[in-house]
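Overview (structure and organization)
Single-letter residue listing:
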Number of protein chains: 4
Amino acid sequence: MQAIVKESPAPGLTVATIPVPSVGPGEVLIAVRHAGVCGTDLHIADWDPWAQGRIRPPLVVGHEFAGEIVALGEGITELKQGQLVTAEGHIVCGHCLQCRTGNGHICKNTRIIGVDRDGAFAEFITMPATNVLTLDGIPTEVGAIMDPMGNAFHTVLTAEIPGSTVFVVGCGPIGCFAVGIARAAGAAQVIASDVNPKRLALAARMGAQVTIDASKHQVVQTVLDATGGEGADVVCEMSGVPQALHQAFAAVRMGGRVQLLGIPKGEVPVDFATEIIFKGITVYGVIGRKMYETWNQMRRFLTGGMFDPSPVITHTFPLAKIDDALAAIRSGDAGKVILEIA
Amino acid sequence: MQAIVKESPAPGLTVATIPVPSVGPGEVLIAVRHAGVCGTDLHIADWDPWAQGRIRPPLVVGHEFAGEIVALGEGITELKQGQLVTAEGHIVCGHCLQCRTGNGHICKNTRIIGVDRDGAFAEFITMPATNVLTLDGIPTEVGAIMDPMGNAFHTVLTAEIPGSTVFVVGCGPIGCFAVGIARAAGAAQVIASDVNPKRLALAARMGAQVTIDASKHQVVQTVLDATGGEGADVVCEMSGVPQALHQAFAAVRMGGRVQLLGIPKGEVPVDFATEIIFKGITVYGVIGRKMYETWNQMRRFLTGGMFDPSPVITHTFPLAKIDDALAAIRSGDAGKVILEIA
Amino acid sequence: MQAIVKESPAPGLTVATIPVPSVGPGEVLIAVRHAGVCGTDLHIADWDPWAQGRIRPPLVVGHEFAGEIVALGEGITELKQGQLVTAEGHIVCGHCLQCRTGNGHICKNTRIIGVDRDGAFAEFITMPATNVLTLDGIPTEVGAIMDPMGNAFHTVLTAEIPGSTVFVVGCGPIGCFAVGIARAAGAAQVIASDVNPKRLALAARMGAQVTIDASKHQVVQTVLDATGGEGADVVCEMSGVPQALHQAFAAVRMGGRVQLLGIPKGEVPVDFATEIIFKGITVYGVIGRKMYETWNQMRRFLTGGMFDPSPVITHTFPLAKIDDALAAIRSGDAGKVILEIA
Amino acid sequence: MQAIVKESPAPGLTVATIPVPSVGPGEVLIAVRHAGVCGTDLHIADWDPWAQGRIRPPLVVGHEFAGEIVALGEGITELKQGQLVTAEGHIVCGHCLQCRTGNGHICKNTRIIGVDRDGAFAEFITMPATNVLTLDGIPTEVGAIMDPMGNAFHTVLTAEIPGSTVFVVGCGPIGCFAVGIARAAGAAQVIASDVNPKRLALAARMGAQVTIDASKHQVVQTVLDATGGEGADVVCEMSGVPQALHQAFAAVRMGGRVQLLGIPKGEVPVDFATEIIFKGITVYGVIGRKMYETWNQMRRFLTGGMFDPSPVITHTFPLAKIDDALAAIRSGDAGKVILEIA
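These notes cover the structure that comes with them. (Residues numbered from 1 in each chain as written. Chains lettered and ligands numbered in written order. Predicted model: local features only at pLDDT ≥ 70, side-chain atom pairs only at ≥ 80, totals over all residues. Heavy atoms only, no water.)

Of note, valine 235 of chain C is situated in strand β14 (residues 232-237). Setting aside its immediate chain neighbours within four residues, valine 235 of chain C contacts Phe167, Val169, Ala248, Ala251, Val252, Arg257, Val258 and Gln259 of chain C. (Helix = DSSP H or I, 4+ residues; strand = E, 2+ residues; numbered from the N terminus. Contact = heavy atoms within 4.5 Å.)

Angle between the axes and distance between the axes: these two values describe a pair of packed helices. Residues and elements named next belong to chain C. Closest axis-to-axis distance for the helix α8 (residues 219-226)/helix α9 (residues 242-251) pair is 9 Å, and the angle between their directions is 25 degrees. On the basis of the axis angle, α8 is roughly parallel to α9. The handedness of the crossing between α8 and α9 comes out as right-handed. Of the residues in α9, those touching α8 at Val219, Val220 and Val223 are Gln247, Ala250 and Ala251. Looking at the contact of α8 with α9 residue by residue, the classes come out as five nonpolar, one polar and no charged. (Axes fitted to C-alpha atoms, helices over the stretch in contact; angles between N-to-C directions. Parallel < 35°, antiparallel > 145°, perpendicular 65-115°, else oblique. Left-handed = near helix turned anticlockwise from the far one by under 90°. Nonpolar A, V, L, I, M, F, W, Y, C, P; charged D, E, K, R; others polar.)

With an omega of 0 degrees, the peptide bond running from proline 57 of chain A to proline 58 of chain A counts as cis. Inspection of the secondary structure puts proline 58 of chain A in the loop between α2 (49-54) and β4 (59-60). Although it is not a glycine, aspartate 136 of chain A sits at a positive phi angle of roughly 50 degrees. Counting through the fold element by element, aspartate 136 of chain A comes out in the loop between β10 (132-134) and α4 (140-143). One non-glycine residue, tryptophan 47 of chain D, lies in the positive phi region at around 55 degrees. Inspection of the secondary structure puts tryptophan 47 of chain D in the loop between α1 (39-46) and α2 (49-54).

Each copy superposes on the other: chain D lies on chain A with an RMSD of 0.0 Å after a rotation of 180 degrees and an axial shift of 0.0 Å. Taken together, the rotation angle and the small translation identify this as a two-fold axis. Among all residues of chain D, the minimum C-alpha distance to the rotation axis is found for proline 269 of chain D, at 1.9 Å. Same-surface contact between copies: 100% of interface residues of chain D are shared with the interface of chain A. (Least-squares fit on C-alpha atoms with pLDDT ≥ 70 in both.)

Attention now moves to the sheet that holds strand β1 (residues 2-6) of chain A. All names here are of chain A. In space, the three strands of this open sheet follow the order β2-β1-β4, with antiparallel pairing throughout. Each having just a single partner strand, β2 (14-17) and β4 make up the two edges of the open sheet. Inspection of the sheet shows β1 paired to β2 by four bridges, in the antiparallel sense. Bridging across to β2, glutamine 2 finds its partner in threonine 17. (Pairing = 2+ DSSP bridges.)

To continue, consider the interface of chain B and chain D. Taken together, the contacts link 16 residues of chain B with 16 residues of chain D. Between chain B and chain D, roughly 1100 Å² of surface is buried when both sides are summed, and carbon and sulfur atoms account for 51% of that area. Our count for the contact surface shared by chain B and chain D stands at zero salt bridges. Looking at the side of chain B that touches chain D, the elements with two or more residues in it are α3 (97-100), β10 (132-134) and α11 (293-303) of chain B. Its residues placed into classes, the side of chain B that touches chain D shows six nonpolar, seven polar and three charged. (Buried area = accessible area lost by both parts, 1.4 Å probe. Salt bridge = Lys/Arg side-chain N within 4 Å of Asp/Glu carboxyl O.)

This part is about the pairing of strand β12 (residues 189-194) of chain A. Residue and element names in this part refer to chain A. The buried count for β12 comes to six of six residues, which makes it a mostly enclosed element. In β12, alternate side chains face the same way, and those of Gln189, Ile191 and Ser193 on one face and Val190, Ala192 and Asp194 on the other are all buried. The pairing of strand β11 (residues 165-169) with β12 spans five bridges and is classified as parallel. Residue pairing for β12: phenylalanine 167 is matched across the bridge by isoleucine 191. Taking the sense of rotation as the criterion, the β-α-β connection linking β11, helix α6 (residues 173-184) and β12 turns out right-handed. Read as a crossover between parallel neighbours, the route from β12 over helix α7 (residues 197-205) to strand β13 (residues 210-213) is right-handed. (Buried < 20%, exposed > 50% of the residue type's maximum accessible area, 1.4 Å probe, protein only. Right-handed = clockwise from strand over helix to strand, strands pointing away.)

Time to look at the interface of chain D and chain A. With 35 residues of chain D at the contact, the number on the chain A side is 35 residues. For the pair chain D and chain A, the summed buried surface comes to about 3000 Å²; carbon and sulfur atoms form 67% of the total. The tally of links between chain D and chain A comes to zero salt bridges. Here chain D is connected to chain A by seven residue pairs in polar contact (both at pLDDT 80 or more). For the side of chain D that touches chain A, the secondary-structure elements that each account for two or more residues are α9 (242-251), β15 (252-260), β16 (268-270), α10 (272-277) and β17 (282-285) of chain D. Considered class by class, the residues forming the side of chain D that touches chain A number 21 nonpolar, eight polar and six charged. Taken together, the three bridges between strand β17 (residues 282-285) of chain A and β17 of chain D define a ladder with antiparallel strand orientation. The partner of tyrosine 284 of chain A across the bridge, within β17 of chain D, is threonine 282 of chain D. (Polar contact = N/O pair within 3.5 Å; in protein donor to acceptor, adjacent residues only side chain to side chain.)

Without other data, these values stay purely geometric and don't point to any function.
Structure (structure tokens):
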């Protein structure tokens with residue numbers, strides 16, 4: 001089969017022909033139809049320090065995908081051939097306390113497809129059946145991006161949204177998803193900030209009532225003005241930019257909640273007294289997707305027609321054009337970039 | 001001033017002329033513009049056993065209203081003359097543990113306007129400033145029904161709504177409000193049942209995707225069919241009808257939540273084993289409105305344009321036509337009936 | 001091996017010799033050391049209407065036990081031979097939404113050992129590895145009763161206990177466990193009621209500061225007096241007696257929480273208005289043990305020395321003396337009755 | 001009356017004779033019996049940059065106290081002369097959204113006694129009746145330190161404690177209170193760290209099962225070893241020391257909770273990715289005491305005999321010996337230092 005492979009510990013990705021994986025007990029074989037390209041794939045392609053420390057080539061990359069079940073391993077009764085599915089890319093141990101209490105997203109033994117084992121930029125992938133979610137009518141283009149969309153659902157829905165004011169900091173694809181999810185979940189007002197006008201326009205299209213160009217306007221003051229001087233009830237930090245992180249803490253109201261998803265590079269100096277403690281706020285670190293509460297919620301929003309993520313998909317490439325896909329992400333203007341595989 | 005008065009311990013209400021109340025320290029005087037008529041007012045008019053046990057005539061009735069502040073008592077700094085306002089009709093002690101922990105809605109020393117002290121079917125009413133809420137642009141027609149609408153907000157928003165399936169049992173005004181609130185708060189699906197086609201039509205207009213005529217169809221089976229056999233995540237019981245109460249327990253999913261607002265007359269036999277315990281459900285008794293969390297949420301939904309209760313207002317009468325207003329309620333076909341006072 | 005078997009659809013249990021079960025993939029074989037006898041076993045022995053509807057003989061009965069792992073099925077890596085273990089007796093499907101979100105205790109496909117498949121009153125039993133919990137130093141006598149003790153932990157720890165007043169209604173073994181757990185979890189005051197002085201004495205020994213003989217004293221008034229007139233913050237109903245159920249609702253404070261574990265026979269008439277709705281309370285139906293949050297909490301309490309259930313174990317019999325064990329339960333004076341098997 | 005006064009914008013405190021304050025409507029006059037001395041008083045005495053920016057002399061200092069009600073202002077019905085009481089020192093506006101929803105501890109209009117208005121190091125103080133809490137048998141020595149003890153209760157009881165492992169970082173008086181509260185609230189294990197052996201001994205006396213001298217031992221590794229490699233479920237950071245803050249994040253388990261009470265001076269560099277986000281933790285900034293939920297819980301723990309804070313009180317001085325009291329705090333070896341006034 002055709003696949004995108006990290007062949008050696010050096011920059012670059014290769015379009016290679018490799019054997020179709022065999023399907024073991026408790027697994028299914030999935031013919032991939034669409035796959036999402038993520039910043040993580042860029043790090044692996046560029047062979048940055050994180051990739052050098054974590055990736056062991058050769059490796060099929062890619063961790064966001066949807067496709068069709070084409071073979072079932074021994075013991076699978078809850079799934080069947082021909083079903084269109086996506087999958088949680090975090091493969092957890094199932095035995096630790098976290099896994100046994102519905103908190104697999106914080107399993108310490110997590111292995112990620114496309115990072116720690118072969119991934120989804122390929123014509124076929126095997127997955128443990130426990131990780132597979134049926135699409136129930138959701139198109140595979142959308143199914144292919146339910147992994148990052150799930151990060152946005154996890155971020156938004158672990159706060160109390162109905163009637164709240166929500167400030168989304170950073171309007172990359174996950175930020176734009178968050179805007180739409182917050183609106184669909186009953187936020188009274190959604191405010192979004194970014195430095196890129198194209199991304200702000202996309203956030204507005206997803207439902208942000210107020211957008212702030214952080215390169216031109218006072219972010220915190222604008223949020224305060226829009227919220228009667230109180231600040232936002234919930235802030236979703238999706239940028240990882242140090243300055244934006246401080247804006248998140250400054251713009252949240254007393255006793256509010258800051259959800260952290262964006263990953264800053266290196267350390268960020270924090271004034272705990274004024275930014276967190278004296279404000280009486282709660283800060284939550286978002287990792288992965290709740291397994292499988294987030295997936296269930298996401299499927300409900302999508303099949304219920306409450307939330308349409310498709311405007312965020314701005315680019316589609318065939319599998320072999322992975323370099324063009326990565327270039328689109330590097331440009332900074334793209335929403336979500338996906339590969340069409342079959 | 002003109003007022004609707006329960007003059008003696010016997011059926012009937014009187015349109016009377018009485019003195020404008022004087023305003024004490026910590027109080028405001030409000031010129032009433034609109035007032036909502038409630039089933040409670042019907043009980044008082046009819047002098048039913050509950051009324052006989054609770055009401056001490058003479059009494060100005062009515063507990064749902066909105067109007068304009070026309071005078072301020074001593075010590076009021078947070079409100080001003082000319083503001084359009086509504087008010088929480090439960091006057092609580094402020095000293096008990098519940099009051100001191102933000103749970104005034106369950107204060108044991110609660111006194112209700114129009115029930116335990118003079119009420120709102122009058123040209124003027126005095127209220128403690130703590131109970132007064134500014135309308136911030138909400139019309140007084142809508143402000144006049146924020147008390148029962150607040151019951152619906154309390155019922156819906158104390159459950160986890162985003163992405164949930166919600167079954168509203170009983171489509172009187174509060175049930176119809178609940179339908180719209182659940183949709184606005186991100187319910188994935190709202191199902192509503194009643195025996196009255198007009199009320200079901202109103203529920204559909206408020207956003208119910210599935211309506212069930214309980215006089216003709218199998219209620220529980222319809223809910224199960226609409227929810228993939230699971231049952232509803234959240235059931236809001238707004239009818240107080242014993243049969244409907246059993247439907248609520250039968251239609252909620254394992255581990256789901258039943259919110260009880262409708263008041264059954266007398267005792268209802270319950271099979272605790274199969275209806276509650278073996279289902280692992282949570283049952284919540286809804287009384288009043290959270291003071292003042294519910295009011296704040298409600299104002300956010302209304303001023304944010306997320307929820308429009310106006311289709312539920314089906315009848316408007318002048319103050320003196322209170323008997324016509326009561327008759328409209330008795331007919332069983334009315335949504336919310338209001339009085340226009342000034 | 002020797003086992004207690006329900007051989008035919010008629011009253012009685014038999015001490016029989018049957019083959020040791022074989023161990024399949026994902027299972028372990030456990031040599032049972034101690035087993036707990038439960039009211040459910042009594043229903044099966046007596047062949048009451050519930051048993052007639054549910055049990056399909058022949059069946060090895062018993063669902064509470066602890067023992068030693070003596071063989072591992074294929075694919076088991078997280079357990080090993082020689083470990084002392086107990087097990088959750090509810091075998092759930094693992095595929096439904098509830099199972100996939102950490103809520104296996106409300107899986108609709110639950111099968112119970114000793115009820116729906118062969119159980120634990122035997123020298124050996126096979127269990128799915130997922131259901132097995134290591135004892136980590138807890139004696140097998142105590143391990144054998146972690147199933148009902150887990151009901152008590154589930155009941156108590158799903159309420160907010162630190163600083164609360166807790167009223168335990170019914171001082172059978174699970175009620176007595178609940179008393180001790182509530183004290184260990186920081187209840188400010190624990191009150192317990194029963195009609196049996198021996199059980200009340202056991203409740204006192206487990207830590208109840210106030211005990212009420214319901215056959216002699218006004219239960220509700222005593223609770224009100226002990227709580228400054230407020231009522232208890234949390235009521236744990238462990239009796240299933242209709243009169244006690246009403247006492248539970250009457251004795252809980254406004255806005256409090258009633259945890260229902262005791263199973264009433266048949267229907268109980270409830271005045272929803274005064275018992276639930278106007279009190280603004282929350283009622284929770286307790287089924288099984290949270291899988292596996294409750295088990296983890298229970299292990300922490302036991303290994304941390306915070307809670308000693310051993311006073312509740314009042315009788316121990318050899319396996320063959322099952323009839324004596326059942327007689328001890330029937331007497332109404334027993335605490336927990338266990339079988340010593342190896 | 002005699003009082004400790006900050007007379008001018010310069011270092012030092014003065015023992016002065018000033019008029020007894022007059023009692024206004026809604027206020028009570030309290031004869032102070034005991035008062036607690038706090039690090040804040042030290043800052044004011046030393047006239048450090050914080051004090052220079054906030055304090056407007058002349059001012060009676062002191063914000064922790066208990067005493068006897070000796071006069072009632074107009075309109076007070078819920079309190080009476082002769083009652084022994086303490087008081088919440090944060091005087092809030094009562095009108096903002098936070099105040100109206102039971103969250104007065106994050107009122108933006110808070111004024112603190114002994115900081116923003118005259119305080120408690122005096123023979124008499126007036127307080128709004130809403131801030132006054134009756135002692136119900138708690139000695140005034142203990143009542144005098146319920147303000148800082150309330151910080152510890154707020155810190156501990158906003159986490160889920162029963163069955164949890166709790167790591168208290170920093171064993172000053174509030175840390176030592178936290179140790180005892182966590183044990184009383186059902187923590188399975190309490191670990192405490194400090195650099196001062198006297199404080200660690202006090203923590204052990206308050207119930208810490210593991211104490212770590214951070215000047216000699218590997219703090220994080222010791223916590224991991226004591227928790228089976230998982231880390232603590234709940235970490236209470238009471239030191240404000242940057243290094244200890246990093247230990248708090250490193251020692252909490254995946255998905256755990258870090259409660260921040262200690263105030264670092266200046267900024268602390270944080271690696272959000274590894275310290276917060278990838279761990280999926282929740283961080284909560286603790287300010288003041290929940291008004292008045294924390295006070296109610298605290299009174300329950302104290303009157304229920306669940307928690308004895310008296311070992312933490314290491315020094316008592318007469319009012320005039322304020323300089324000796326401050327010196328005891330400066331030494332770093334003191335637990336809680338109190339003034340005996342009447």
